[in-house]
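# Residue-level structure breakdown
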Amino acid sequence: MHLEESVNERLEDFLNLIRSKYVSSDREIIPMDLATKVQFFTLDVISSIGLGKAFGMLQRDQDVDNYLQSSEEGLTIGNNALAMGFSWIAQAPLIGRFVAPSPKDNNGFGKMMAACFRLVDERAASSTDKRSDMLASFMRPGLAGDELRTEALEQIIAGSDTTAGAIRGTLLHIMTNPRVYVKLQSEIDDAVRDGLAPKSGEGLITAAQAKQLPYLQAVIREALRVWPPVANIFSRDVPPGGDAVMVDGESVFLPGGACIGYSAYGMHHSEKMYGK
């Protein structure tokens, strides 16, 4: 699949939006909500590689179909239900379908589901022979109906917000740390000068070229450590027969049926693991 090409197309949309509407001058300051534009970017990227068609948020510079609003409403409802111990109700056999989000809803995840399902159904009605997006890769082995819609929805919800959070967190820490900013800028300038990255007007840097910039890679990894985009415990069920894991060099037995997980935020901020 042409994933990097799809990402680059959306990045060009991102840059064009900034250059055409949000460039300040000596006479006028034009503010821009970078956090929101990053969300536009990641939603356009994930819809491009997932559904084969960008939502068009960057080109229109707006929250198309109210995806962001629907996501925020849905997450608020879901987080509150989880915090108050009511989330199990949505999975209950009898009453769950009356509580869980539905494509017929006019807000929250339900509204997002309806828009996503509409795009999936449009694609399902057309040939996938020449398409190279994720949806086509699901459809070729025969995935269809509700299973196909669920896979597509998972990509949009799980793939866009987490990526936006990672990018926003990374940019925030770079902007607020002059030492890092200057060192990163210097590495980029040197790479352009030495022909290791494209000059202005020569296109975008490739993923392969970016991997050859050690400080850039270090900044990305450190930002993900300091600001993990997902703080879930990533729980897993222990097999019925139990299992043994190594902890500080010692074997610890985990009883079957137990649910275990870890705190990404806690581990990433552990001085024992990463030092001061």
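Coordinates for the structure precede this section.
Scoring rules and cut-offs
- Residues numbered from 1 in each chain as written.
- Predicted model: local features only at pLDDT ≥ 70, side-chain atom pairs only at ≥ 80, totals over all residues.
- Heavy atoms only, no water.
- Helix = DSSP H or I, 4+ residues; strand = E, 2+ residues; numbered from the N terminus.
- Buried < 20%, exposed > 50% of the residue type's maximum accessible area, 1.4 Å probe, protein only.
- Contact = heavy atoms within 4.5 Å.
- Areas by Shrake-Rupley, 256 points an atom, 1.4 Å probe, with all protein chains shown as cover.
- Expected span 1.5 Å × (residues − 1).
- Arc of directions from axis to C-beta.
- Core = buried A, V, L, I, M, F, W, Y, C linked by side-chain atoms within 4.5 Å.
- Pairing = 2+ DSSP bridges.
- Axes fitted to C-alpha atoms, helices over the stretch in contact; angles between N-to-C directions.
- Parallel < 35°, antiparallel > 145°, perpendicular 65-115°, else oblique.
- Nonpolar A, V, L, I, M, F, W, Y, C, P; charged D, E, K, R; others polar.
- Salt bridge = Lys/Arg side-chain N within 4 Å of Asp/Glu carboxyl O.
- Phe/Tyr/Trp six-rings, centres within 6.5 Å; stacked < 30°, edge-to-face > 60°.
- Lys NZ or Arg CZ within 6 Å of the ring centre and 35° of its normal.

### Topic: the overall build of the chain
When you go through the chain residue by residue, the secondary structure sums to 13 helices and four strands. Buried residues in the chain amount to 30% of all 276 residues. Taking contacts inside the chain between residues at least 6 apart in sequence as the whole, the part at least 24 apart equals 57%. Summed over its atoms, the accessible surface of the chain is roughly 17,700 Å², and 56% of this surface lies on carbon and sulfur atoms.

### A look at the side chain of arginine 225
For arginine 225, the position within the fold is in helix 11 (residues 214-226). The residues contacting arginine 225, other than those within four sequence positions of it, are His268, His269 and Tyr274.

### With respect to helix 1 (residues 3-21)
Here helix 1 spans 27 Å end to end across 19 residues, near enough to the 27 Å set by a 1.5 Å rise per residue. Listed in full, the buried residues belonging to helix 1 are Ser6, Arg10, Asp13, Phe14 and Leu17. In an axial view of helix 1, the angular spread of the buried residues amounts to 95°, which keeps them on one side of the axis. Contact partners of the buried residues in helix 1: helix 2 (34-51) and helix 3 (57-60).

### Let's talk about the nonpolar core
Ranked by size, the top nonpolar core spans 32 residues in total, and within it Leu51, Phe55, Tyr67 and Leu135 carry the most contacts. Counting only elements with at least two residues in this core, the list comes to helix 1, helix 2, helix 3, helix 4 (67-83), helix 6 (108-124), helix 7 (134-139) and helix 8 (145-175). Considering each element in turn, this core owes the most residues, eight residues, to helix 2. Counting ten residues, the second-largest nonpolar core is a separate cluster that includes Val180, Leu184, Leu213 and Tyr215.

### With respect to the pairing of strand 2 (residues 243-247)
Inspection of the sheet shows strand 2 paired to strand 3 (residues 250-254) by five bridges, in the antiparallel sense. Note on strand 3: the bridge partner recorded for methionine 246 is serine 251. Where strand 2 folds back onto strand 3 in an antiparallel hairpin, the turn is made up of two residues, including aspartate 248, whose phi is positive at roughly 55°.

### Some thoughts on the packing of helix 9 (residues 178-193) against helix 11
As a packed pair, helix 9 and helix 11 sit with axes 8 Å apart at the nearest point and diverge in direction by 140°. Taken together, the axes of helix 9 and helix 11 lie oblique to each other. Here Arg179, Val180, Lys183, Leu184 and Glu187 of helix 9 come into contact with helix 11, specifically with Pro214, Tyr215, Leu216 and Val219. Classifying every residue of the contact of helix 9 with helix 11 by side-chain character gives six nonpolar, no polar and three charged.

### Examining the pattern of salt bridges
Applying the stated rule across the entire model yields eight salt bridges. One salt bridge in this structure joins lysine 21 and aspartate 61, with 2.7 Å as the shortest N-O distance. Placement of lysine 21 in helix 1 and of aspartate 61 in the loop between helix 3 and helix 4 is noted, with a sequence separation of 40 residues between them. Across the pair arginine 193 and aspartate 190 runs a salt bridge, and its minimum N-O distance is 3.3 Å. With a gap of three residues between them, arginine 193 and aspartate 190 both fall in helix 9, about one helical turn apart. Among the ionic contacts, a cluster of salt bridges with common partners joins Glu9, Arg10 and Asp13.

### Side note on the packing of aromatic side chains
If you walk through the whole model with that rule in mind, you get two aromatic pairs. With 5.4 Å between their ring centres and 25° between their planes, phenylalanine 14 and phenylalanine 41 make a pair best called stacked. You can see phenylalanine 14 sitting in helix 1 and its partner phenylalanine 41 sitting in helix 2, a full 27 residues away along the chain. In this structure, arginine 225 is placed above the aromatic ring of tyrosine 274, and the distance from its NZ or CZ to the ring centre is 5.0 Å.

### What about the environment of methionine 57?
Topologically, methionine 57 is positioned in helix 3. Residue classification places methionine 57 among the buried residues on the basis of a relative accessible area of 0%. Spatially, the C-alpha atom of methionine 57 lies 7.8 Å from that of leucine 43, the residues being 14 residues apart in sequence. Among all residues touching methionine 57, those that are not within four sequence positions of it are Phe40, Leu43, Asp44, Gln62, Asp63, Val64 and Tyr67.

Fair warning: the whole summary comes from geometry, so function is off the table for now.
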